[in-house]
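Below are the chains, spelled out letter by letter.
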There are 2 protein chains.
Amino acid sequence: MTIHPVIMCGGAGTRLWPVSNQACPKQFHSLVSDKSVFQETVLRFAGADGFHAEPVIVSNAAYAGLIADQLAAIGVTPAAILLEPEGRNTAAVAAVAARYLAAAFPDGLGLLVPSDHFIGRPDVFLGAIRAAAPVAAGGYITTFGIAPSRPDTGFGYIQSGAPLSGPVARVAAFKEKPDAATAAAYLATGAYSWNAGIFLFSPAAMLAELAAHAPAILATSAAALAAARIDGACVHLDPVAFAAVPSTSIDYAVMEHTALAAVLAPVDCAWSDIGTWSMVGEVSSRENTPAPVLINSENCLVHAADGQLVALVGVEGLVVVADGNRILVTARDRTQDVGAVVKALKDRGLKDFL
Amino acid sequence: MTIHPVIMCGGAGTRLWPVSNQACPKQFHSLVSDKSVFQETVLRFAGADGFHAEPVIVSNAAYAGLIADQLAAIGVTPAAILLEPEGRNTAAVAAVAARYLAAAFPDGLGLLVPSDHFIGRPDVFLGAIRAAAPVAAGGYITTFGIAPSRPDTGFGYIQSGAPLSGPVARVAAFKEKPDAATAAAYLATGAYSWNAGIFLFSPAAMLAELAAHAPAILATSAAALAAARIDGACVHLDPVAFAAVPSTSIDYAVMEHTALAAVLAPVDCAWSDIGTWSMVGEVSSRENTPAPVLINSENCLVHAADGQLVALVGVEGLVVVADGNRILVTARDRTQDVGAVVKALKDRGLKDFL
């Protein structure tokens, strides 16, 4: 049963300023290698056993050009690029993708996956997905729980329940981002894993569960797809119809209600959501051109645009990011606060520096 | 007796990289205010009682355009711009300036002064020079000792001797840069001051002392001036003749030998040679445009080119300098090591980033 990657790349965060911004968010930048994070995600599946060679891309219409260019640069042809006029969270993405797949590849499975994550052991990751395919084909919407490496309070957690088949279990519960004590308790039990927002499903099962638990989302999303304007691989969802789609996550809309929630965990695939510069620094193998000059400096991450030279003298534990006229210097253990810079720039009306 | 400022602006250091470089050294940059350090130096004397309105400038021919532009921008007309084909240290400068002044203003005094220093209390500084004028007119080559504020090992020291007249004393000794213990001892006695390289003299006296103690320097310098090519205010010293001038400092060539060395000290004029970014940070009132974004950050100096935005998050005690494609991040207490960056860039052949 062929697995169809459905790669979500419509989001835009603020904690990777100045590189990531609304005009060209995180996933389209060469953050951790010489390819963009989106390209790395696409290539993870390209040519892999069991995966369809042509991925489905779901994004905001604003990024259509970026997506086409970046796919062309790595020689990947998409099955379709589903373009939203505006963001409506992941339930809408799941609904549109399931409707699209049900029509185009009714016998396949869909793999809803974010485009902006790093995976250090792709073989482990792909193996886990293949291992879950029979359960997903049997109607379960299967999530993948990342093996937690620390009591992180920044992720939702999945509690594994009774074994279902092979490495797949029922989901006992989805847990919101915990406080520190709760996160430590989760880590100690071994029954909790990080919710990475990855879902494997048969289109028919996803549509049935949406119909049961989120009928308004399904109806409005289906209408937006039915009225879409097709332009080659690009499927422009109808703006009027799409504006009526309620905005909520697939977790809230379906996963927390369905009896068909399954989880394969722990997946120990060296996963990172590279959500902060500190996390980028932990996994990046990207090289700056020219290489930075380091004088008596240690444990620093430098991320400079091509042609920008950064010199460090007598400093330690810093992240330095240079992107043309925007320069960030932050302590490695404070990179979660970088969003405050974006807020300050907005407050001061300095749009050119966002 | 009119005092003629002779402003020396031919030097180029490496510790203020990336702003200061060979093509446009320190003194021509807006380091501590919205004017360049050279302009601030010129304006310090412009219109001051007792000083000639038209300064003499001595520099390298490479900076003739910069000098003309920066003087025009502040509305100052130079008496002359004496241009060296190459640097030959301060004895040559003193010799050329003394010869020039002896011909052009035989009744005046010359004040040899570096162009790249900060002076926070210009009235104190100018008052000290005026107070020393009678002694200088009497034939003494008078230096000005800066009141030391710390046991600095980076400066030469002047030991004051027997009183001569008013606030001026004989020089007991010139001292090389001391070690830390010696510097502390100097500070404790109160008889030592920093040698800032500032000299007040009558042209005839300077020429006589050069003739007595450095006749080769005087002869070759005089020949280079005699054969100079005049172009408006610019006096291009003859390259062939000037190449023969021995390169040494006025301290070594004359001051350590003459019986006519005098010193006015301590001059408590909030002087700084702004030789490192840390020192720049101590005295700068320059504002960045746009202003930096500071999030939980303290005690940092940001010096960014116009239009470059620097954001600091959770850092302390840093200097961040952004000059287009060259970015420096250093600890405030390590800025003396910035020259190592320039060396590394030269070693790597990265001329475009010098």
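The structure displayed is predicted, hence computed values, not measured ones.

A. Layout of the relation of the copies chain A and chain B. Screw-axis analysis of chain A against chain B gives a translation of 0.0 Å along the axis, an RMSD of 0.0 Å, and a rotation angle of 180°. The transformation relating the two chain copies, once decomposed into turn and shift, fits a two-fold axis. Closest approach to the rotation axis among the C-alpha atoms of chain A is made by glycine 324 of chain A, whose C-alpha sits 3.7 Å away. A share of 100% of interface residues in chain A that are also interface residues in chain B marks the association as one of identical surfaces.

B. Here's a closer look at the sheet that holds strand β14 (residues 293-295) of chain A. The five strands lie next to each other as β14(A)-β16(A)-β18(B)-β17(B)-β15(B), forming an open sheet whose pairing is mixed. Unpaired on one side and paired on the other, β14 of chain A together with β15 (301-304) of chain B mark the two borders of the sheet. Strand-to-strand twist of the sheet, defined as the mean angle between neighbouring strand axes without regard to direction, takes the value 5°. Packing of helix α11 (residues 339-347) of chain B onto the sheet brings it into contact with β14 and β16 (309-313) of chain A together with β18 (326-331) of chain B, and relative to β14 of chain A it is tilted by some 135°.

C. Up close: unusual backbone geometry. Residue proline 266 of chain A is reached from alanine 265 of chain A by a cis peptide bond, and omega for that bond is -10°. Relative to the assigned elements, proline 266 of chain A resides in strand β12 (residues 261-267). For the peptide bond that leads from threonine 289 of chain B to proline 290 of chain B, omega is -5°, which places it in the cis range. Note that proline 290 of chain B resides in the loop between α10 (277-283) and β14 (293-295). Look at asparagine 89 of chain A: it is not a glycine, yet its phi comes out positive at around 70°. Within the secondary structure layout, asparagine 89 of chain A lies in helix α3 (residues 89-104). Its 19 C-beta neighbours within 10 Å are what place asparagine 89 of chain A among the partly exposed residues.

What counts and what doesn't
- Residues numbered from 1 in each chain as written.
- Chains lettered and ligands numbered in written order.
- Predicted model: local features only at pLDDT ≥ 70, side-chain atom pairs only at ≥ 80, totals over all residues.
- Least-squares fit on C-alpha atoms with pLDDT ≥ 70 in both.
- Contact = placed C-beta atoms within 7 Å.
- Pairing = 2+ DSSP bridges.
- Helix = DSSP H or I, 4+ residues; strand = E, 2+ residues; numbered from the N terminus.
- Axes fitted to C-alpha atoms, helices over the stretch in contact; angles between N-to-C directions.
- Buried ≥ 20, exposed ≤ 12 C-beta atoms within 10 Å, placed from the backbone.

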